[in-house]
Amino acid sequence: MFTSKKMAAMSLMAAIGVLGAAFIWFPAGAARAFPVQHAINVLSAILLGPGPAVVIAFLIAAVRNLLGLGTVLAFPGSIIGALLAGYAYKKWKKPPFAAVGEMIGTGIIASFISVPIANLFLGMEAAALAFMPAFLVSSVTGSVLGPLIALRLKKIRMFNRKDGFK
């Protein structure tokens, strides 16, 4: 179960992810790149774990869709990346592995999963290779920032892994 401190941290990260999506994005091939989403995925995977990272990714994708800042492709792109980032960090305990998990989860796996979703919900008949460059650009950009921010927060002892906040 999530403690109130962990839920507060999750809410804060979700809010930052939604705000970042409103102001920091760029066109990237067949989609738009939202690097803040991926930085938050990596950051939450490192600081809070895989479960909270997935919940945060889902919340950001849902609010972005409700506000018209994203499409249904935000769900597989963010959730799969957050899940793999969380498990990679949990297994190897090194921030670069969380970043690699995010890149593989979003950039490669989610781009394949997005093909039938785009066809069904958006009427787009695209191949996975149409989504892969955009998903990779977005996830690589954000994945570089996530570990750097996490290391800085740990250095100032704002977070500890056990409870979320110190």
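Since this is a predicted model, take the numbers as computed values, not measurements.

Draft legend 1. Broad picture of a nonpolar patch on the surface. Taken together, the side chains of Val-100, Ile-104, Ile-108, Ile-109, Phe-112 and Ile-113 define a hydrophobic patch exposed on the protein surface, amounting to about 470 Å² of accessible area. Position of Ile-104 relative to the elements: it lies in helix 5 (residues 95-122). Ile-104 sits in the partly exposed class, given a relative accessible area of 37%.

Draft legend 2. Up close: the environment of Ala-110. Position of Ala-110 relative to the elements: it lies in helix 5. C-alpha of Ala-110 to C-alpha of Phe-131: the two residues are 21 residues apart in sequence and 8.8 Å apart in space. If we skip the residues at most four places from it in the chain, Ala-110 touches Pro-76, Gly-77, Ile-80, Gly-105 and Phe-135.

Draft legend 3. Broad picture of helix 4 (residues 74-92). Along its 19 residues, helix 4 runs 27 Å from first to last C-alpha, staying within 8% of the 27 Å computed at 1.5 Å per residue. Of all the positions in helix 4, only Ala-74, Pro-76, Gly-77, Ser-78, Ile-80, Gly-81, Ala-82, Ala-85, Gly-86, Ala-88 and Tyr-89 are classed as buried. Following helix 4 by one or two positions, Lys-93 has its phi on the positive side, about 55 degrees.

Draft legend 4. Geometry of the confidence of the model for the protein chain. The pLDDT averaged across the protein chain works out to 86; a share of 90% of its residues lies at or above 70. Put simply, strand 2 (residues 31-33) is where the protein chain has its lowest mean pLDDT, 74, and helix 3 (residues 50-66) is where it has its highest, 96.

Draft legend 5. Focus on the side chain of His-38. When you line up the elements, His-38 lands in helix 2 (residues 35-47). Dropping the residues within four chain positions of it, His-38 is found in contact with Gly-77, Glu-102, Thr-106, Ser-138, Ser-139, Gly-142 and Ser-143.

Draft legend 6. Representation of the nonpolar core. If you look at the biggest cluster of nonpolar residues, it comprises 23 residues, and the most contacted ones within it are Met-13, Ile-40, Leu-43, Ile-46, Leu-47, Leu-48 and Ile-56. Listed by contribution, the elements that provide at least two residues to this core are helix 1 (4-23), helix 2, helix 3, helix 4 and helix 6 (128-155). Element by element, the count of residues in this core is highest for helix 2, at seven residues. Core analysis: the second largest hydrophobic core is formed by nine residues, Ala-110, Ala-118, Phe-131 and Phe-135 among them.

The rules behind each value
- Residues numbered from 1 in each chain as written.
- Predicted model: local features only at pLDDT ≥ 70, side-chain atom pairs only at ≥ 80, totals over all residues.
- Heavy atoms only, no water.
- Patch = residues over 30% accessible without salt bridge, like charges linked within 9 Å, V, L, I, M, F, W, Y side chains within 5 Å.
- Areas by Shrake-Rupley, 256 points an atom, 1.4 Å probe, with all protein chains shown as cover.
- Salt bridge = Lys/Arg side-chain N within 4 Å of Asp/Glu carboxyl O.
- Helix = DSSP H or I, 4+ residues; strand = E, 2+ residues; numbered from the N terminus.
- Buried < 20%, exposed > 50% of the residue type's maximum accessible area, 1.4 Å probe, protein only.
- Contact = heavy atoms within 4.5 Å.
- Expected span 1.5 Å × (residues − 1).
- pLDDT = per-residue confidence, 0-100.
- Core = buried A, V, L, I, M, F, W, Y, C linked by side-chain atoms within 4.5 Å.

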